[in-house]
Amino acid sequence: MLVIRCAACKNKLWKYDKIGPGEVLRCHKARITKKYSFTAGDQKIQCSCGKDIGIDKGSFIKMISKAFTYSGTKRNC
Ligand SMILES: [Zn+2]
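Residues numbered from 1 in each chain as written. Predicted model: local features only at pLDDT ≥ 70, side-chain atom pairs only at ≥ 80, totals over all residues. Heavy atoms only, no water.

A.B. asks: Could you clarify how one ought to interpret the coordination of the zinc ion in this entry?
C.D. replies: Octahedral metals with six donors have ideal donor angles of 90 or 180 degrees. Tetrahedral metals with four donors have an ideal donor angle of 109.5 degrees. Every protein donor of the zinc ion is accounted for by Cys6 (SG), Cys9 (SG), Cys47 (SG) and Cys49 (SG), and the metal-donor separations fall at 2.2 to 2.3 Å. Classification of the site at the zinc ion as tetrahedral follows from its four donor atoms and the range of 104 to 116 degrees in their angles at the metal. Written as a sequence motif, the donor residues of the zinc ion are C-x2-C-x37-C-x1-C. In this structure Cys6 comes out as buried when scored by relative accessible area, which is 0%. Since its relative accessible area comes to 32%, Cys9 is described here as partly exposed. (Donors = N, O, S within 2.8 Å, 3.2 Å for Na, K, Ca; no water. Tetrahedral: all angles 85-135°; square planar, octahedral: opposite > 155°, others 65-115°. Buried < 20%, exposed > 50% of the residue type's maximum accessible area, 1.4 Å probe, protein only.)

A.B. asks: Can you help me understand the confidence of the model for the chain in this one?
C.D. replies: Here the chain shows a mean pLDDT of 95. Residues at 70 or above account for 99%. Per-residue pLDDT, averaged within each element of the chain, yields its smallest value for strand β5 (residues 38-41) (90) and its largest for strand β8 (residues 60-63) (98). (pLDDT = per-residue confidence, 0-100. Helix = DSSP H or I, 4+ residues; strand = E, 2+ residues; numbered from the N terminus.)

A.B. asks: Help me understand the side chain of Lys18 in this model?
C.D. replies: Locating Lys18 in the fold gives a position in the loop between β2 (12-16) and β3 (26-28). Although Lys18 lies buried, it forms no salt bridge, and the closest oppositely charged side chain, Glu23, sits 8.5 Å away as judged by the N-O distance. At a separation of 3.3 Å, a polar atom in the side chain of Lys18 contacts the main-chain carbonyl oxygen of Pro21. Among all residues touching Lys18, those that are not within four sequence positions of it are Leu2, Glu23, Val24, Lys74 and Arg75. (Lys, Arg positive; Asp, Glu negative; His and termini not counted. Salt bridge = Lys/Arg side-chain N within 4 Å of Asp/Glu carboxyl O. Polar contact = N/O pair within 3.5 Å; in protein donor to acceptor, adjacent residues only side chain to side chain. Contact = heavy atoms within 4.5 Å.)

Now the structure itself:
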């Protein structure tokens, strides 16, 4: 499980069940297991500090790579 954090303020955004290796380019909403503080509106996903984190694409969030960091382990499938 990965914890996704804002790169600017280090706030926790959500927990994500990442399957397989590779970069976190998108987050599928079905695999977000816990939500912390962020706002979703007008297709933009923003941290509570106002920084853009990603773009809402419906079933997944297209992540802005420089806007977030993550820690934890990816699940191998
Ligand atoms: Zn932030």
